[in-house]
Amino acid sequence: MTAQPNAHARFRRAIERRALWMAEDAARELSHLTLEDALQLVHLYAERGSPKYEKAALRWLERYLTEGSPRLLHLAEITTNLARREPVDR
């Protein structure tokens with residue numbers, strides 16, 4: 001048995017509890033975060049006002065363009081929503 005399932009369970013719990021450092025720690029142990037999991041982490045960065053937010057959001061958008069097949073309008077909506085979450089106090 002590998003550490004992957006345990007790390008993913010810890011990641012999900014950390015996201016549910018809104019515990020940023022725990023989510024980051026578990027994510028580092030995973031070989032791959034799904035797009036959905038990565039988006040949850042991006043949202044948590046925004047919620048916590050993390051300086052990592054913008055870079056993480058841009059990386060997520062790159063993955064979304066590469067791994068998904070978004071329609072242009074949907075991509076514009078997602079980008080707008082991510083931009084609105086940008087922490088202002090930096």
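Everything here concerns the structure above.
Quantities reported herein were computed from a predicted structural model and do not represent experimental measurements.

Asker: Any chance you could explain the side chain of His43 here in plain terms?
Answerer: Residue placement: His43 occurs in helix H3 (residues 35-48). By relative accessible area, which is 18% here, His43 ends up buried. Other than its neighbours up to four places away in sequence, His43 contacts Leu82 and Arg85.

Asker: Please clarify how the nonpolar core should be interpreted in this entry.
Answerer: One broad rule of soluble globular proteins: the nonpolar side chains tend to lie buried together. By size, the foremost hydrophobic cluster in this structure holds 28 residues, and its most contacted members are Phe11, Leu41, Trp60 and Leu82. Secondary structure elements with two or more residues in this core: helix H1 (4-17), helix H2 (20-29), H3, helix H4 (53-67) and helix H5 (72-85). Looking at which element gives the most residues to this core, the answer is H3, with 8 residues. Once you skip the residues sitting within four places of it in the chain, Leu41 turns out to touch Phe11, Ile15, Leu20, Ala23, Glu24, Ala27 and Leu33.

Asker: Explain the packing of H2 against H3 to me, please; I cannot follow it from the model alone.
Answerer: Each pair of packed helices can be summarised by the angle the axes make with each other and by the distance between the axes. Following both chains from N to C, one finds H2 and H3 inclined at 150 degrees, their axes separated by 10 Å at the closest point. Classified by the angle between their axes, H2 and H3 sit roughly antiparallel to one another. Classified by chirality, the crossing of H3 by H2 is left-handed. Taken together, the residues of H3 that come into contact with H2 (itself represented by Leu20, Ala23, Glu24 and Ala27) are Leu41, Leu44, Tyr45 and Arg48.

Asker: Even after reading the chapter, I still don't get the pattern of salt bridges, so can you show me in this structure?
Answerer: Pairing is possible between side chains of opposite charge, provided their charged atoms come close. All told, the structure shown has 7 salt bridges when counted by the stated rule. Salt-bridge contacts for Glu24 lead to Lys52; the nearest nitrogen and oxygen are separated by 2.8 Å. In this pair, Glu24 sits in helix H2 while Lys52 sits in the loop between H3 and H4, placing the two residues 28 residues apart along the sequence. Residue classification places Glu24 among the buried positions, given a relative accessible area of 12%.

Asker: Before we go on, may I ask you to explain the environment of Pro5 in this structure?
Answerer: Within the secondary structure layout, Pro5 lies in helix H1. For the pair Pro5 and Leu30, spaced 25 residues apart in the sequence, the C-alpha separation amounts to 8.7 Å.

Asker: What's the story with unusual backbone geometry in this structure? I'm lost.
Answerer: Backbone phi values are negative for most residues with the exception of glycine, while trans is the configuration of most peptide bonds. Not every positive phi belongs to a glycine, and Arg18 is a case in point at roughly 65 degrees. For Arg18, the position within the fold is in the loop between H1 and H2.

Reading the values: the criteria
- Residues numbered from 1 in each chain as written.
- Predicted model: local features only at pLDDT ≥ 70, side-chain atom pairs only at ≥ 80, totals over all residues.
- Heavy atoms only, no water.
- Helix = DSSP H or I, 4+ residues; strand = E, 2+ residues; numbered from the N terminus.
- Buried < 20%, exposed > 50% of the residue type's maximum accessible area, 1.4 Å probe, protein only.
- Contact = heavy atoms within 4.5 Å.
- Core = buried A, V, L, I, M, F, W, Y, C linked by side-chain atoms within 4.5 Å.
- Axes fitted to C-alpha atoms, helices over the stretch in contact; angles between N-to-C directions.
- Parallel < 35°, antiparallel > 145°, perpendicular 65-115°, else oblique.
- Left-handed = near helix turned anticlockwise from the far one by under 90°.
- Salt bridge = Lys/Arg side-chain N within 4 Å of Asp/Glu carboxyl O.

Nothing here speaks to function; it is geometry throughout.
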